[in-house]
Amino acid sequence: GPTQVLRKNLRRGVVLSTGSFLVYEAHKLISGFAEVHASFKVEDVIEQADYLYGSGETEKLYHLLVQHKNSDDAELLWRLARSSRDLAQLGSTSAEEKKQLTYDSLEYAKKALEKNESNFAAHKWYGICLSDVGDYEGIKTKIGNAIIIKEHFQRAIELNPKDATTIHLIGIWCYSFAEMPWYQRKIAATLFATPPTSTFQEALRYFHMAEEADPNFYSKNLLFLGKTYLKLNNKKMALLWLSKAKEYPAQTEEDKQV
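Described below are features of the structure shown in this document. (Residues numbered from 1 in each chain as written. Predicted model: local features only at pLDDT ≥ 70, side-chain atom pairs only at ≥ 80, totals over all residues. Heavy atoms only, no water.)

**Things to note about the overall build of the protein chain**
The condition is simple: Only runs of H or I of at least four residues qualify as helices and only runs of E of at least two qualify as strands under DSSP, and these elements are numbered from the N terminus. Only protein chains enter the area calculation, which uses a 1.4 Å probe; residues under 20% of their type maximum are buried, those over 50% are exposed, and those in between are partly exposed. Contacts are assigned to residue pairs that have any heavy atoms within 4.5 Å of one another. All accessibility values rest on the Shrake-Rupley procedure with a 1.4 Å probe; residue burial counts only the protein chains present in the view.
Counting secondary structure elements, the protein chain contains 13 helices and zero strands. Within the span of the protein chain, comprising 258 residues, buried residues form 39% of the whole. If you take every contact in the protein chain between residues at least 6 apart in sequence, the share linking residues at least 24 apart comes to 60%. Of the roughly 15600 Å² of accessible surface on the protein chain, 56% is carried by carbon and sulfur atoms.

Encoded structure:
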């Protein structure tokens, strides 16, 4: 009769609630356990992060690392800075998110530096992220930050002379100052007692150094070797490097653009 049905339902209700209670207790146990062991697991997170980075899993990587944004580990923090920046660069990221992520990445890189001043990658990503933030702050800030950015790149190379990407970035820095339009030079002159300058020869030296450190490591380095030789009116060498850039096996979006 109706009372039997009611009793059955009540019983089922009790079973369900104890079931979910057990799940909840288990969850509490597991998350508590994770907190206790957090200090030993940094290596595991980094290993997992590097695997995801190598697989091009940009979103998964960010979600893994952002859970550790309060970490004291510079290795974790610079990876989080890089990962936030990579997520910001994705076509699917909205303009608002992109801006937020760009500023976040600078915070993470800054924190990485505070935790370990002798971590080369922290210097490298601090320089990159500071440059990105400049895109939102206008040309005056961008030029004003230029010297700080270059100093961090140079510090990164002192700490790790084999890091071809950072050497390439100093090349880009030199190239952009060498081709700086007159109105930007005027701004630079108001900001600095001696405004930073560079030449295409200097840029070329860094692009070649990067290539020596790690041959064929990056399509954009080949492209800029070609572009710099063009600026120096050496068409023969320009053709050599631009051909290499053109033949580079395109794996990333950037390679395709190159």
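We are not done yet, so read on.
**Thoughts on the packing of helix α3 (residues 58-66) against helix α4 (residues 74-89)**
Under the convention used in this document: Each axis is a line fitted through C-alpha atoms, taken for helices only over the stretch in contact, and angles between the N-to-C directions span 0 to 180 degrees. Orientation labels follow simple angle bins: below 35 degrees gives roughly parallel, above 145 gives roughly antiparallel, 65 to 115 gives roughly perpendicular, and whatever is left gives oblique. By convention the crossing between two helices is left-handed if the near helix lies anticlockwise of the far one by an angle smaller than a right angle, and right-handed if it lies clockwise. Put simply, Ala, Val, Leu, Ile, Met, Phe, Trp, Tyr, Cys and Pro go in the nonpolar bin, Asp, Glu, Lys and Arg in the charged bin, and everything else, Gly too, in the polar bin.
The geometry of α3 relative to α4 is characterised by a closest axis approach of 9 Å and an angle of 140° between their N-to-C directions. One way to sum up the angle between α3 and α4 is to call them oblique. Of the two elements, α3 crosses α4, and the hand of that crossing is left-handed. Counted together, T58, E59, L61, Y62, L65 and V66 of α3 and L76, R79, L80, S83, S84, D86 and L87 of α4 form the full contact between these two elements. Residues belonging to the contact of α3 with α4 are distributed by class as follows: seven nonpolar, three polar and three charged.

**Let's talk about unusual backbone geometry**
One non-glycine residue, N216, lies in positive phi territory at about 65°. As for its position among the elements, N216 is in the loop between α10 (200-213) and α11 (219-231).

**As for the packing of helix α8 (residues 164-178) against α10**
Packing of α8 against α10 brings their axes to within 8 Å, and their N-to-C directions diverge by 165°. One way to sum up the angle between α8 and α10 is to call them roughly antiparallel. Crossing angle aside, the handedness with which α8 passes α10 is left-handed. Contact with α8, carried on its side by A164, I167, H168, I170, G171, I172, C174, Y175 and A178, involves F200, E202, A203, Y206, F207, M209, A210 and A213 of α10 and no other residues of that element. When grouped by side-chain class, the residues that make up the contact of α8 with α10 number 14 nonpolar, two polar and one charged.

**Concerning helix α6 (residues 120-137)**
Rules: In this analysis, the expected span of each helix is defined as 1.5 Å times one less than the number of residues it contains. As used in this structure description, the phrase polar contact means that two N or O atoms lie within 3.5 Å; if the pair is within protein, one of them must be able to donate a hydrogen and the other to accept it, and residues adjacent in sequence are counted only when both atoms belong to side chains.
The end-to-end C-alpha distance of α6, which contains 18 residues, comes to 26 Å, matching closely the 26 Å that a straight helix rising 1.5 Å per residue would cover. Among the 18 residues of α6, 13 are classified as buried, and the element is accordingly described as predominantly covered. Regarding α6, its N-cap is N119, as a side-chain oxygen of that residue lies 3.0 Å from the backbone nitrogen of A121 further along.

**Remarks on the side chain of S84**
Note on placement: S84 falls in helix α4. Residue S84 is classed as buried on the basis of its relative accessible area, which comes to 0%. There is a polar contact of 2.7 Å between the side chain of S84 and the backbone oxygen of L80. Ignoring sequence-local partners within four residues, the contact set of S84 consists of Y62, L101, S105 and Y108.

**Notes on the packing of aromatic side chains**
Pairs of aromatic rings are described using the distance from one ring centre to the other and the angle between the two planes. Note the cut-off: For this analysis, a ring pair means two rings from Phe, Tyr or Trp (six-membered ring only for Trp) whose centres lie within 6.5 Å, classed as stacked if their planes differ by under 30 degrees, edge-to-face if by over 60, and tilted for the remaining angles. Any Lys NZ or Arg CZ that is within 6 Å of a ring centre and within 35 degrees of that ring's normal is treated as a charge sitting over the ring.
A complete count under the given rule lists seven aromatic pairs for this structure. Each ring, one from F207 and one from F224, has its centre 5.7 Å from the other, and the planes form 45°; the classification is tilted. Of this pair, F207 sits in helix α10 while F224 sits in helix α11; the two residues are 17 residues apart in sequence, bridging distant segments of the chain. Residue classification places F224 among the buried positions, given a relative accessible area of 10%. An aromatic cluster is defined as three or more aromatic residues linked by ring pairs; in this entry it consists of Y175, F200, F207 and F224. Sitting above the plane of the Y53 ring, R82 keeps its charged end 3.4 Å from the centroid. Directly above the aromatic system of W241 lies the positively charged group of K244, at a separation of 4.5 Å from the ring centroid.

**Examining the pattern of salt bridges**
Two side chains with opposite charge may pair up if their charged atoms get near one another. Which entries qualify depends on this criterion: Every case where a carboxyl oxygen of Asp or Glu lies within 4 Å of a side-chain nitrogen of Lys or Arg is listed as a salt bridge.
Evaluated as defined, the whole model comprises twelve salt bridges. We note a salt bridge from R155 to E117, for which the minimum N-O separation is 3.5 Å. Pair noted here: R155 is in helix α7 (residues 139-159) and E117 is in the loop between α5 (95-115) and α6, with a separation of 38 residues, a long-range link. Between E202 and K150 there is a salt bridge, with its nearest N and O atoms 3.9 Å apart. With E202 in helix α10 and K150 in helix α7, this pair connects stretches of sequence that are 52 residues apart. Among the residues examined, E202 registers a relative accessible area of 22% and is labelled partly exposed. Bridged by salt links that share partners, the residues D50, E75 and R79 form one connected network.

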